[in-house]
Amino acid sequence: MRKLLSLVAVVALGTSLAACGSDDSKAGGDFGKIGVKATEEFGKKPTVTHKDGEPDKALLTEVVKEGDGPEVKKGDYLTANYLGQIWRDGKVFDNSYDRGAPSSFPIGIGGVIKGWDEALVGKKVGSRVILSIPADKGYGPAGGNEQAGITKDDTLIFVVDLFGSSSNTTKLDADPVASAATPFKVTGELNAEPKVTVPAGTKAPAKPGKPVILATGKGKPIAKGDQIVGRYVVFDYTGKKQASTWDAQPASQQAPAQPGSPTDKLQVGPGPKGESGALDGLAGMPVGSRVLVELPGAKDAKGKVTNAFAVIDVLNSFPAAKQQ
C-alpha cells in the first residue's frame, strides 16, 4: 500500500466533508452522492461502478456506512482495508482485500496522496468511505504511476474500510498489574512512553522467558499468526533505551522525516513458513495490554551479541496478510 499511495514513500487527511468542494446533489441516482457505487458490506471486497461521463474535478467523499468508533485524527496511524480503481478504464490497480489483511499508515501528514490526507481525518473507525480523487490530489503531481497504469490526468476511486486508528498518545484501556513478575521497575502513563529502571548488575537471561503483562487490556485475545499494531521501547540490560516508536524517524531517499508513531511490523508466530519469533508468547493475551518481552540475543554490525527487552503496547491485532 505504501508504494502505491505515497507520492514519496507510500502507504497514509483534512476535514470530513460529505463532498469536498462539490454539491452532493450533482450525482444522485443509483450512484449515491458522488456518482460511485460499491457492492458488499464493510470488510468485504467491493465491486465498484460509477456514473457515465467525466468525473468531477473536485475531491468527493461519501460515508456509505458510518462506524461507531473514535474519529481518525491528523497524524494517527490508520489501519484500513481499501480498493483503488481508475475512473477512466475501471482497472483495479491495488487492493488489500486479496491480501487478507488491512494496511496501516500515518494519515494527514503528507505520507500519501493528498486525496487520502484530505478525506479521511474526522471519519469514524468502523466506517466505509468512498472517495473520488481528482488527478491534482492523486498522482498528477508525480506525473502518474506507470506501474499501476495511472496517468497524470486520471481520477481515482477508492473504497476504504476504516479498521482502526491510534497514535502515541492513545491511552490503553487496561488495568495495571499490581505486582508484575519482573525485577524491572516500569513506570509511565498508559498513553505515554514507558520508562524502565533496571537493578544494578542485572544480567541478560540465558534464554528469553515468557512475556509479562504489566497492564491487562480489555480487547480480544491475540491469535497465533496475528499481525500487531503497537508501539514499543527497547532497552538493554543496563536500562539504556535502544529504540522507540515514540522517536521521530529521519528523512530518507524513500520518505520524508516522520514523527514517531505506532507500527504494524510486529508479528506473532508461526510465520508463513512455520517459523517462530520473539513475540509468539503474546498469543492469547488481550489487545490493549502493556507487555514486557525479553528478546533473543542479536549480533550488532561488529558481530557483538547484544541482549535486550521491550515494553510493548498492543493497540490492535488482525490476521497477517497472505503470502503472495
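Note that the structure is predicted; figures quoted are calculated from it, not measured.

A. Looking closely at the overall build of the chain. The secondary structure content of the chain amounts to 2 helices and 17 strands. Computed over C-alpha atoms, the radius of gyration of the chain comes to 22 Å, within 12% of the 20 Å expected from 2.2 N^0.38 for 324 residues, which places it in the range of a compact globule. Here the C-alpha coordinates of the chain stretch approximately 75 × 40 × 35 Å along the principal axes. Roughly 15600 Å² of accessible area belongs to the chain as shown, and the carbon and sulfur atoms make up 51% of that amount. Where the 40 positive side-chain charges of the chain centre and where its 36 negative ones centre are 7 Å apart.

B. Looking closely at the nonpolar core. Core analysis: the biggest nonpolar cluster contains 26 residues, and Ile107, Trp116, Leu120, Leu131, Phe158, Val160 and Leu162 have the highest contact counts within it. Every element with two or more residues in this core is listed here: β4 (77-86), α2 (114-119), β7 (128-133) and β8 (156-166). In terms of nonpolar packing, the next biggest core, distinct from the first, is built from 15 residues, Val287, Val291, Ile312 and Val314 among them.

C. Structural detail: the packing of aromatic side chains. This model, assessed by the stated rule, comprises 9 aromatic pairs. Ring centres of phenylalanine 105 and tryptophan 116 lie 5.3 Å apart, and the angle between their planes is 70°; on these two criteria the pair is classed as edge-to-face. Residue phenylalanine 105 is found in strand β6 (residues 103-106), and its partner tryptophan 116 is found in helix α2; the two are separated by 11 residues along the sequence. Both residues of the pair, phenylalanine 105 and tryptophan 116, count as buried. Here phenylalanine 163 and phenylalanine 318 contribute two aromatic rings whose centre-to-centre distance is 5.7 Å and whose plane-to-plane angle is 90°, an arrangement assigned as edge-to-face. Of this pair, phenylalanine 163 sits in strand β8 while phenylalanine 318 sits in strand β17 (residues 305-319), placing them 155 residues apart in sequence. A residue is classified by how much of its surface remains accessible, and phenylalanine 318, at 1% relative accessible area, is buried. Pairwise contacts between aromatic rings join Tyr82, Phe93, Phe105, Trp116 and Phe158 into one cluster. Its guanidinium or amino end placed over the ring of phenylalanine 31, lysine 37 lies 5.4 Å from that ring's centre, counting from NZ or CZ. Positioned above the aromatic ring of phenylalanine 42, the side-chain terminus of lysine 65 is 5.0 Å from the ring centre.

D. Fine view of the side chain of serine 167. Tracing the chain through its elements places serine 167 in the loop between β8 and β9 (174-176). Among the polar contacts made by the side chain of serine 167, one reaches the side chain of threonine 169 at a distance of 3.0 Å. Among residues more than four places away in sequence, those in contact with serine 167 are Asp76, Arg231, Pro262 and Leu315.

E. Structural context of the side chain of glutamate 193. Turning to its location among the elements, glutamate 193 is positioned in the loop between β10 (185-187) and β11 (195-197). You can call glutamate 193 buried: its relative accessible area is 15%. Reaching out from glutamate 193, the side chain makes a polar contact with the side chain of lysine 241 at a distance of 3.2 Å. Side-chain polar atoms of glutamate 193 contact the side chain of serine 244, separated by 2.6 Å. Sequence-distant contacts of glutamate 193, defined by excluding residues within four places in its chain, comprise Val233, Lys241, Ser244, Trp246 and Asp247.

Thresholds, definitions, all that
- Residues numbered from 1 in each chain as written.
- Predicted model: local features only at pLDDT ≥ 70, side-chain atom pairs only at ≥ 80, totals over all residues.
- Heavy atoms only, no water.
- Helix = DSSP H or I, 4+ residues; strand = E, 2+ residues; numbered from the N terminus.
- Rg over C-alpha atoms; globule rule 2.2 N^0.38 Å.
- Areas by Shrake-Rupley, 256 points an atom, 1.4 Å probe, with all protein chains shown as cover.
- Lys, Arg positive; Asp, Glu negative; His and termini not counted.
- Charge placed at Lys NZ, Arg CZ, Asp CG, Glu CD.
- Core = buried A, V, L, I, M, F, W, Y, C linked by side-chain atoms within 4.5 Å.
- Buried < 20%, exposed > 50% of the residue type's maximum accessible area, 1.4 Å probe, protein only.
- Phe/Tyr/Trp six-rings, centres within 6.5 Å; stacked < 30°, edge-to-face > 60°.
- Lys NZ or Arg CZ within 6 Å of the ring centre and 35° of its normal.
- Polar contact = N/O pair within 3.5 Å; in protein donor to acceptor, adjacent residues only side chain to side chain.
- Contact = heavy atoms within 4.5 Å.

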